[in-house]
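# Remarks on the overall topology
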Amino acid sequence: MRRFLAILIAASLTVAAAAEIEIFSWWAGDEGPALEALIEVFEAKYPGVTVDNATVTGGAGVVAKAVLKTRMLGGNPPDSFQVHIGKELIDTWVIADRMEDLTFLFQEEGWFDVFPADLIDLISTADGIWSVPVNIHRSNVMWFVPAKLEEWGISAPETWADFLAICPAIQANGVTPLALAENWTVSHLWESIALAALGPDDYDRLWTGELAFNDPKSVAAFELMNDVLACTNADAAGLSWQQATDRVVDGEAAFNIMGDWAAGYMFTTLGLEPGTGFGWAPSPGTAGVFMVLSDSFGLPKGAPDRENAINWLRVAGSLEGTDAFNPIKGSISPRTDSDMSKYNAYLQSAAADFASDRQVGSLIHGTTANENFMSSFAQVMEILLDTGNPQAAANAAQALALQTGVGR
Amino acid sequence: MRRFTRDHLTAVLMLLPSLIMLAIFVYGFIGQTVYFSLTDWGRDPAQALAMRPERAFVGFENYARLFSGILESRFRQDLVNLVFFTVFFMVGTLGLGLILAILLDRGVAGEGFFRTVFLYPFALSFVVTGTVWRWMLQPQGGVNLLPTYLGMPQGEFAWLTSRQQIWRFDWNLVPSITALVVAVVLLAVGARAWRGAHRRRGLSFLVVGIALGAWGLAGGPGVELLPFPERRGFNLALIGIIVAAIWQMSGYTMALYLASLRGIPEELREAARVDGASGVQVYRHVVFPLLGPITLSAMIILGHISLKIFDLVWSMTGPDLATTSVPALLMYIRAFRANQFADGAAIAVVLLLLVATVIVPYLWTSLRGEVRR
């Protein structure tokens, strides 16, 4: 009996030594290797701690977030989980008092000096700092194939007026001027168009509640959106965003507005060279503005292994960690001191823009509005697609903003 | 006497575990969902995902908003989609299943092979079916290319992405339409009871049916859902989803019908033939009436599958395409993406009621039938 007990104790000690932390994310598939690179950095720094890489597949985390919410409501949080910075972090988790303040970590690691102040604002409230950003993506990018544009005798439009002007000529070639995919990419297009139509100041005022969605200025954005939709493919609803990118690469479409994960897709998956295989420009009318979205990791209250979870966050925000993760993920580092030689030509140009451009937040990727508004905005886009009536869509957006408390 | 009590005790003990499980995990959670649907859980983001959410009781406010709130138009279109989907899915699956069963029943060569082939789709999950059919229904490929093999022009129909809507009606007419449908059912049931020996029950059914019908014909006075007309109708994009669902389930109804056909004694058919009935007449007057009970069972099974449909639509058109969406999808999105748990619960309860309208009358009649026996 005594011997049995001794074995039991020994066994439990070995279990305790081999600690395991659970990192929850939706980075499977194409994005999996980037996360694994980050995990390798962590496991090298903290031998004896293994990472349970709990990913739930599904684009933009639509399934993962649901799983996470049921776990959190059931009182079973992971040690750390992926969350978009901005309102998705603040208005879902921080406001519900489920996160731990990480100000101490930012002080210990000297992160106040290396993360841009605007970025820290997006993860902070008056009471603290709530997550560690690991990457920066840009939402407002227009993609094309330079050789094809030359062949058709056009250049990347700088404004939407230019785009609408060349649209009929492109269509006459039997080419779709702008490739569009399923519903969320319509919302994605909208945020770039709204930014162009309103300018960064008024765009920001939409999210503070100072500018109404049915204000004539905002309605003009919906009208522009309606005009642009006339230049898109009719079968958009059946395509994934990758298929829309494929159309541009294959020369069936001239342009595509997508976040810069499209660069990762074309560079890593399709093996195209930035600059020659594919080209990019800020989406029309948004030069000098960087619409930002970012993934981060936070520390939920009640994390099973708090100490190692904090160590994970240390690595996630470290120079070594971010520079291992981002070149593979196809995003830039949120840190201002990263080693740019590790990044490809597109990412270098994005980093330069990020440092110099005015920054605004993305709606559909969680930065500027709460999840209720963000989720239901799909309905506003459906109204526009269905009725082709910009005023009706704008009215619906405003009613939705009031109901969900945007800017409160 | 002593043996009776012990038997009794054993029976109770045997049933107790499953009764307790059912009470907690089925009826307990139904009760909890109904309660949540009557609260404001989710409206205050600070409480939506709090450790111990505070929920205020708001009565039927969530339901009222779903059926008559300006912003909840998607829920109403989803309901309309669901009704159309259910009707076409049931008719298609039962019809195709019956035809296949009759063909196989006529003794074709290699019957076992065909039976397996037709039954196989049923073994797939809806996610697999959905993914395969999404590929086949791509606008520029798959099914649309079929005519080109016969030298005809390529099909142009946008299977899953069409935005065309036909058979449009005003949502405000829904209470009247519902009342009329229920009235017709009540009148039919009442008339049957009247003709049988249950005159009194028949009479009460008839009176309620006539009253409801009159209210419906008058345009449903006293109930106004929306202050303006809202057009709802049948989205052509649903056709692709209906086709995939029929493809999956018709093999199953074929198996049901085939079993039932085999159960019909050959003597009955022979007797009919001796009486001079033609082939069609044998089916019309002998075989089909005997298939009634299995049709009812199949309708119950298909009905509840179709009302709960989620995975097929998700895998074919994703969570956000409003033209093909159904309430179960919206329930998931409202609850787990928008954090509106009370809204999600309310949609769940509406779905439960819909399923109940299919299943409860069936249980009622079949249980009464058993008691009588």
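Residues numbered from 1 in each chain as written. Chains lettered and ligands numbered in written order. Predicted model: local features only at pLDDT ≥ 70, side-chain atom pairs only at ≥ 80, totals over all residues.

### Overview of the overall build of chain B
To keep things clear, this is the line we draw: Only runs of H or I of at least four residues qualify as helices and only runs of E of at least two qualify as strands under DSSP, and these elements are numbered from the N terminus. Exposure criterion: with C-beta atoms placed from backbone coordinates, a residue whose C-beta has 20 or more other C-beta atoms within 10 Å is buried, one with 12 or fewer is exposed, and one in between is partly exposed. Remark: residues whose backbone-derived C-beta atoms lie within 7 Å of one another are considered to be in contact.
Counting its secondary structure elements, chain B contains 16 helices and 2 strands. With respect to the principal axes defined by its C-alpha atoms, chain B has extents near 80 × 75 × 50 Å. Across the 373 residues in chain B, those meeting the buried criterion constitute 33%. Sequence separation of at least 24 residues holds for 71% of the intrachain contacts in chain B that already meet a minimum separation of 6.

### What about the sheet that holds strand 9 (residues 176-179) of chain A?
All names here are of chain A. We count it as follows: Whether two strands pair depends on DSSP finding at least two bridges between them. Interaxial angles span 0 to 180 degrees and are taken between N-to-C directions of axes, which are lines fitted to C-alpha atoms, for helices over the stretch in contact.
Taken in spatial order, the 4 strands of this open sheet run 9-10-8-11, and their pairing is mixed. Edge positions in the sheet fall to strand 9 and strand 11 (279-282), since each has one partner strand and no second. This sheet shows a mean twist of 25° between the axes of neighbouring strands, independent of strand direction. In the sheet, strand 9 pairs with strand 10 (residues 253-257) via 3 bridges, with the strands oriented parallel. The residue bridging L178 from the neighbouring strand is F255, located in strand 10.

### Some points on the domain arrangement of chain A
Residue and element names in this part refer to chain A. To keep it simple, the criterion reads: The domain boundaries here were taken from an automatic or database domain assignment.
The domains assigned to chain A are domain 1 (8-137 + 294-361) and domain 2 (138-291 + 363-404). A separation of 28 Å is found between the C-alpha centroids of domain 1 and domain 2. Between domain 1 and domain 2, the contact holds 24 residues from the first and 31 residues from the second. Of all the elements in the fold, those that place two or more residues in the side of domain 1 that touches domain 2 are helix 4 (87-94), helix 16 (345-356) and strand 14 (358-361).

### Here's the deal with the interface of chain B and chain A
When the parts come together, some accessible area is lost, and that loss is often what is quoted as the size of the interface. Condition: Any residue outside Ala, Val, Leu, Ile, Met, Phe, Trp, Tyr, Cys, Pro, Asp, Glu, Lys and Arg is labelled polar, Gly included; the first ten of those are nonpolar and the last four are charged.
Across the contact, 26 residues belong to chain B and 34 residues belong to chain A. Of all the secondary-structure elements, those providing two or more residues to the side of chain B that touches chain A are helix 2 (45-48) and helix 15 (327-337) of chain B. Considered class by class, the residues forming the side of chain B that touches chain A number 16 nonpolar, 6 polar and 4 charged.

### Examining the sheet that holds strand 14 of chain A
Residues and elements named next belong to chain A. Here 3 strands make up an open sheet; going across it, the order is 7-12-14 and the pairing mixed. Two strands bound the open sheet, and with one partner strand each, they are strand 7 (137-138) and strand 14. Sheet analysis places strand 7 next to strand 12 (residues 289-293), joined by 2 bridges and oriented antiparallel. Considered in strand 12, the bridge of R138 is made with V292. Running at roughly 90° to strand 14, helix 10 (residues 183-208) makes contact with strand 12 and strand 14 of the sheet.

### Some words on the pairing of strand 12 of chain A
Residue and element names in this part refer to chain A. Among the 5 residues of strand 12, 5 are classified as buried, and the element is accordingly described as predominantly covered. Both faces of strand 12 are covered, namely the face carrying V289, M291 and L293 and the face carrying F290 and V292. The sheet contact formed by strand 12 and strand 14 spans 4 bridges and is parallel. Note on strand 14: the bridge partner recorded for V292 is G361.

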